[in-house]
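# Fold and contact review
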Amino acid sequence: MNMHDSPLHPEYRVDVAGTGFTVLDRIYADGNLFDEALGGSCGNVLVSLAMLHRHVAPVLALGDDDAGYRLIDEFEQAGATTRFISRRADLRSPVLAQELNTELGQHEFSFLCPETLEELPRYQPIGHAEVAPALNMLSRCSIFYADRLSDGILEAMKTASAAGAIIFFEPSDFKEGDHFDEAVQLATILKYSDDRLGARLADRLHKCVRIVTYGASGLEVRDGLGTTWCDAISAPTVLDTCGSGDMVSVGVIDWILANDFCTSSLKAADLLEGIVAGQRLAAENCAYAGARGLFKKRGAGFVREILNIRPRSANLGFTQPP
């Protein structure tokens, strides 16, 4: 790393800063402990982009414990900047159990340890104490990613947005009055599951680009110009579908960075090729256990090859829905 790549240098610019659901996944395959790895949507997206040699800076609050050390170590091994991850003695780092049925290719998540039936520590969002040291960095990031909300996360989102960053907001759920409407107004890209949030967001008008996922069927990309449907890409083998949605997000964000899009000009059509790349990545990842099994088994170089494939068809495989 040269001087201009140092987070302390005034000209330093981060590709992706982010915060949200980041946990230590304990993966039980067919009842047996198979692996422990950094997980959660935010964790998966950020560490994957770091492994793809993007400059990534997570802003997180973790416990001063073994699980926190594991999470920070995995970020560091991927090449992410970890100086904005706070270690707090009053917290326990979050742990999530994933129980995988390899025969059916199905998984379930639980905050109960399947071995002891004890409650596992849960995720805690950042507050002002974690945001304050990161404000300068947040004003220099190209993309800000979040999948949860809190006062601190909204503060970070506003800082990045005011400086011109693309805001990629991927909520899994929301409660009325928890800053959701403010966050959506700041969002450049809003990605969500129709199954979870479609009915609740149907009557809300948003100016941002929306990526609406429909599970194994595919997804829609919407903006003020219309809606484009994209069929899912079939997985060659299905061992574990965990992380599929995260891989689509990785493909989109990587595509934005590769093409230097900015907030003022971003349209749904700009994202289509990146979405296809993310869907290819999601399909390949299904053949491996864990949210980033493809990275672990084949390496980041192979992942980069998948993302760099260019579709032969002029229409990229997209069809306009009726």
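All of these numbers come straight from a predicted model, not from anything done at the bench.

Closest axis-to-axis distance for the helix H9 (residues 268-285)/helix H11 (residues 300-308) pair is 8 Å, and the angle between their directions is 135°. Considered as vectors, H9 and H11 are oriented oblique to each other. Once H9 is placed against H11, the crossing between them reads as right-handed. Residues Ala277, Gly278, Arg280, Leu281 and Glu284 of H9 touch H11, and the partners they reach there are Val303, Ile306 and Leu307. Of the residues contributing to the contact of H9 with H11, the split by class is five nonpolar, one polar and two charged.

The next subject is the packing of aromatic side chains. As enumerated under the stated definition, the model contains five aromatic pairs in all. Each ring, one from Phe21 and one from Tyr123, has its centre 5.8 Å from the other, and the planes form 80°; the classification is edge-to-face. In this pair, Phe21 sits in the loop between strand S1 (14-19) and strand S2 (23-29) while Tyr123 sits in the loop between strand S8 (106-110) and helix H3 (128-131), placing the two residues 102 residues apart along the sequence. Residue Phe21 is classed as buried on the basis of its relative accessible area, which comes to 13%. In this structure Tyr123 comes out as buried when scored by relative accessible area, which is 15%.

For the rest of this paragraph, the subject is the pattern of salt bridges. Counting across every chain of the model gives 15 salt bridges. When the shortest N-O distance is used, the salt bridge between Glu74 and Arg292 registers 2.5 Å. In this pair, Glu74 sits in helix H2 (residues 66-78) while Arg292 sits in the loop between H9 and helix H10 (293-298), placing the two residues 218 residues apart along the sequence. Across the salt bridge formed by Glu170 and Lys191, the nearest N and O atoms sit 2.6 Å from each other. Of the two residues, Glu170 sits in the loop between strand S10 (166-169) and helix H6 (180-186) while Lys191 sits in strand S11 (residues 189-193), which places them 21 residues apart along the sequence. Lys191 carries the same exposure label as Glu170, and that label is buried. The structure contains a network of salt bridges with shared partners spanning Arg26, Glu36 and Arg70.

Reading the values: rules and limits
- Residues numbered from 1 in each chain as written.
- Predicted model: local features only at pLDDT ≥ 70, side-chain atom pairs only at ≥ 80, totals over all residues.
- Heavy atoms only, no water.
- Axes fitted to C-alpha atoms, helices over the stretch in contact; angles between N-to-C directions.
- Helix = DSSP H or I, 4+ residues; strand = E, 2+ residues; numbered from the N terminus.
- Parallel < 35°, antiparallel > 145°, perpendicular 65-115°, else oblique.
- Left-handed = near helix turned anticlockwise from the far one by under 90°.
- Contact = heavy atoms within 4.5 Å.
- Nonpolar A, V, L, I, M, F, W, Y, C, P; charged D, E, K, R; others polar.
- Phe/Tyr/Trp six-rings, centres within 6.5 Å; stacked < 30°, edge-to-face > 60°.
- Buried < 20%, exposed > 50% of the residue type's maximum accessible area, 1.4 Å probe, protein only.
- Salt bridge = Lys/Arg side-chain N within 4 Å of Asp/Glu carboxyl O.

Just geometry here; none of it tells us what the structure is for.
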